[in-house]
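# Architecture and fold: a report
Given next are the chains, with one letter for each unit.
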Amino acid sequence: MRTTRTAPARPVLITALALTAAGSLLLTPHTAGAAPEPPVTREGPEGSALDERAARTPESAAERALTAPETPTTSDPGRGYPREQVLTPDPENPADKSIKLGLTPYHAIAPKLNALQRLGDRVSVEVAGRSAGGHRLYLVTVTAPESARQARAQERMRELIENAPASAAKSREIRAGYKAPVFFNNNIHGNEWEGTDASLKLIERLATANDAKTKDLLSRTRLYFNITANPDGRIAGTRANANGFDMNRDFVTASQPEVRVMRQIEIDKQPAVMLDLHGYVNGTLIEPTTPPHGENYEYDLFLKNSYANALGMEAAVNGLGYTPEKDGVEPAQIPFRDLEEGWDDWPPIFTPQYAAFHGTVAAHTIEIPLAVNNEEYDSLPVAELRRRSAINVDVAGAALRASLDFVQRKRTSLIADQIEVFRRGAAGAPQVPVSEETVPGVPGIGPEDVYTTDFPRAYIIPAGGTGGAQRSATAAARLVDHLIANDVRVARAARDFRLGGRTYAKGSYVVDMHQPKRGLANVLLGDGRDISDKVSVMYDISGWSLGRLWGATVRSVPSGGLAGVPLRTVEEAAPVGGVAPRGDLRLRLDDPREVAALNSLLQQGVPVRQAADGSAIVPASARAKAAVAARTYDVVFDATRLTGATPLHRLRVAAAVTPGELFALREMNFEVVPVSTAVLNAGFDWSGADVLFVSAGLNHAALNPAARAALDAFLSSGHGLVGRGATGAALNAAAGPLAAKAVQGNPDANGVVRMVNAGGPVTAGAPDHGFVYAPVWFTDLGPGVRVDRSYAGGNPLVSGHWRPLEDGSGGPADAAGRPAVISGPGAVLFGTEPLFRDHPKGEFAQVARALFTVAPADTRHR
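Keep in mind that this is a model prediction, so the values were computed, not measured.

A few words now on the environment of Asn 309. Residue position: Asn 309 is located in helix H10 (residues 299–318). Sequence spacing of Asn 309 and Lys 625 is 316 residues, and the spatial spacing of their C-alpha atoms is 58 Å. Apart from residues lying up to four places away in sequence, Asn 309 is in contact with Val 273, Leu 275, His 364, Ala 402, Ser 403 and Phe 406. Reaching out from Asn 309, the side chain makes a polar contact with the side chain of Ser 403 at a distance of 3.2 Å.

Written out as structure tokens, the structure is:
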């Protein structure tokens, strides 16, 4: 049961919070008579709305996501406005789930945008990218017309604000003429539809209104609307996109093309204010949030503006006149004021929280009130669904309009505060802790709201060398490119240098933490913090360090100067791929790119063997093909005298896994056949599968007799099992490959943990940190069961949230020193989360090695 603390920190009634057995967070609004529904989904590997079923997403969606541009272009900043184009309509789709609700189906959006552009010279439409399902993503800009010269002046001022904030703070041109950017993001959860319709209505009004207030607004702002961030889900009526991803959890990883589009909008447009429109919480939930607050924000500036805007939205929503008795609509609530805990902004995976690192000083998730999705969509009469949707559109519209009023009133101070965010970063200035003195006008600030951090002077990412350092080279290049894609500045050393008591080689990367977006740099590279003692339960993940989880070496330099370091800013990482000129070749399988390269060679029929340490030995005769793979995947094939013992073959993996795991397997070029209890019960042909990977959606007890016999025969005939988490361990216990008892810790625990690797083919070369979500460990190991990886002693949690259960069990002390990854004849079991949401890149190779390790020796080439 999820509960609030007993001593309220706020001067108003605290909302009760509860976590159901199914993992849904129930918010009971603070007004009398409110129903404790609908639930807000908390996701995790076991028992959650997205992950309780095995992923079935098509391979084409993964291919589209993996090949989409890393940094999609949202516009040419030198062009004037309007930027009109005629959009080709999509074919009419009567199955679009929006239609039942009386809302705008996706196929009607392009014609609607064409019509809006024809209304005048204020509306511009651009295609910012495509979804995983191939649908266009529309970015609409509403502003007063601008010549090309005026647009270039706006871009020059935007760049000055970020890149020279001290000068920008003194600029009369910015104060008088810079258009405040505002970003409205809609429908990121596909079955939370109404923000799209509210935005289309607002755009239409702004396109035609001739009153002085509207003209003044559009002359002093640029309004950006992401019409639907998730067209795949809008059409299908699903929370996730075509790859099964909840994209409001993907901003640190940016694995999905829709998220990369939103990220680029944040970077290119640099909004001072943004709203992310969701559903459904009754009464309407308007952020800012409860503790814990992100420690890397300039939270004093963020809270001041977000709270002020929230008050205006609350008044506008309540002013619509809906009542609990007449309409079933409760008064709006502001979590910072009205809740004790449970609606946090600690993880930067949510859209508004991520926006704060790009200079957004007022950012909000808005949860509109009346549920029309999930069971309500299927059970309520159409008339009732449409009544609810109409109210929701009205509520969303009120929030949008109130935010425009706020921007119009506060434009000068909002831009000044955005400049101050970047100035503090560039100057290395200290953060300002929130208090009633530093954030006047916000009631109820207490010590539980104070989260700050000590930024290091720099981070160093050694580029790697030869041999054993090559894992770091491949991982370092990927990490550097990811930092740059997030608009974090990275430089490279022109010669050897010494810093913080260490000597670094020429070519090493340096992230100077005196930069405008230092907060985001620290989010991505820092260890994070153990916040287990701060709140009882976290809404979502609490640890995510790329420095610990992405496989590259990252070193923090606490203090010192960089003046003597020969640095050159880079726009991309230097390539590291290459092939030794003579002899057989060794490909270290420590990185997902190396696994992808291996699988590409196996697909071409190259005879590859596995060495005792798990690496792949490629014959000299395949040097030309290896060279192509090295260039394609940016990996290194070293010279070796090892011969390898076990032949490796192209594997076909039957996978009952989560969407993130399925995507990660395809990222590593595995051929994957999704399976589940239902698929097996329908009659599955095991002759085309080599190994089975299970983590979700496959219950041995729920199989019919024929399906159970076929599965047992598959495993007993030498085909291996890789299991992850409680579901994988349960299948192992039922089918019997490994003698071991799985112990599940606190199911709400998650974060970055210290690990001890025992070596061997599965975990050789693995980082000394891992990621857990509902951690599992193993006891009572039978003969022949090997411990490949264990939780470190003491408290293994580095950052995140991991408490014992109420009876004192299930905490990190119980896991300390316990086996986390075990293997034996025909099976490998993981108690950690090596593929979680396609995120911990440095962990991926463990799963690949496990699959190759348990594959039968007589697997045929595929």
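Take the sheet that holds strand S8 (residues 273–279) next. The strands making up a sheet associate through hydrogen bonds between their backbones, and the pairing can be parallel or antiparallel. Spatial ordering of the open sheet is given by S4-S5-S7-S6-S8-S12-S9, a layout of seven strands whose pairing is mixed. A strand with exactly one partner marks an edge of an open sheet, and here the two such strands are strand S4 (123–130) and strand S9 (285–286). Relative to strand S12 (residues 362–368), S9 runs antiparallel, the two being bridged by two bridges. Among the inter-strand pairings, Ile 286 is bridged to a residue of S12, identified as Ile 366. Each of strand S6 (180–186), strand S7 (221–226), S8 and S12 is contacted by helix H15 (residues 382–427), which is oriented at about 160° to S6, the strand it contacts most.

In this section: the sheet that holds strand S14 (residues 491–493). Overall, antiparallel pairing links the five strands, which are arranged S18-S13-S17-S14-S19 in an open sheet. Both outer strands of the open sheet, strand S18 (555–557) and strand S19 (567–569), are each paired with one neighbouring strand and no more. For this sheet the average axis-to-axis angle between neighbouring strands, irrespective of direction, equals 30°. Pairing of S14 with S19, which is carried by three bridges, proceeds in the antiparallel orientation. Counterpart to Arg 492 in the pairing with S19 is Arg 568.

This part is about the pairing of strand S24 (residues 636–639). Relative to S24, strand S20 (residues 578–579) runs parallel, the two being bridged by two bridges. Opposite Val 579, over in S24, you have Phe 637 as the bridge partner. Relative to S24, strand S21 (residues 585–587) is paired through two bridges, and the arrangement is antiparallel. Each bridged residue has a counterpart across the sheet, and for Arg 586 the counterpart in S24 is Asp 638.

A word on the pairing of strand S29 (residues 720–724). Within S29, five of the five residues are buried, which leaves it mostly tucked inside the rest of the structure. Because side chains alternate across S29, one face comprises the buried residues Gly 720, Val 722 and Arg 724, and the other comprises Leu 721 and Gly 723, equally buried. Pairing analysis gives four bridges linking strand S28 (residues 691–694) to S29, with the strands arranged parallel. Of the residues in S29, the one forming a bridge with Val 694 is Gly 723. With respect to chirality, the unit in which S28 leads through helix H23 (residues 705–716) into the neighbouring parallel S29 is right-handed. Bridge count for S29 against strand S37 (residues 827–830) is four bridges, and the pairing is parallel. Bridge pairing in S37 links Leu 721 to Ala 827.

Further remarks concern the packing of aromatic side chains. Considering all chains together, one arrives at 21 aromatic pairs under this definition. Ring geometry for Phe 184 and Phe 225: centres 5.1 Å apart, planes at 50°, overall tilted. Here the residue Phe 184 occupies a position in strand S6, and Phe 225 occupies one in strand S7, the gap between them amounting to 41 residues. With relative accessibility at 0%, the residue Phe 184 sits in the buried group. Look at Phe 225 and you get buried, because its relative accessible area is 0%. By way of ring pairs, the aromatic residues Tyr 297, Tyr 299, Phe 302 and Phe 357 are connected into one cluster. A cation over an aromatic ring shows up here: Arg 83 above the ring of Tyr 81, its NZ or CZ 3.9 Å from the ring centre.

Conventions adopted
Residues numbered from 1 in each chain as written. Predicted model: local features only at pLDDT ≥ 70, side-chain atom pairs only at ≥ 80, totals over all residues. Heavy atoms only, no water. Helix = DSSP H or I, 4+ residues; strand = E, 2+ residues; numbered from the N terminus. Contact = heavy atoms within 4.5 Å. Polar contact = N/O pair within 3.5 Å; in protein donor to acceptor, adjacent residues only side chain to side chain. Pairing = 2+ DSSP bridges. Axes fitted to C-alpha atoms, helices over the stretch in contact; angles between N-to-C directions. Buried < 20%, exposed > 50% of the residue type's maximum accessible area, 1.4 Å probe, protein only. Right-handed = clockwise from strand over helix to strand, strands pointing away. Phe/Tyr/Trp six-rings, centres within 6.5 Å; stacked < 30°, edge-to-face > 60°. Lys NZ or Arg CZ within 6 Å of the ring centre and 35° of its normal.

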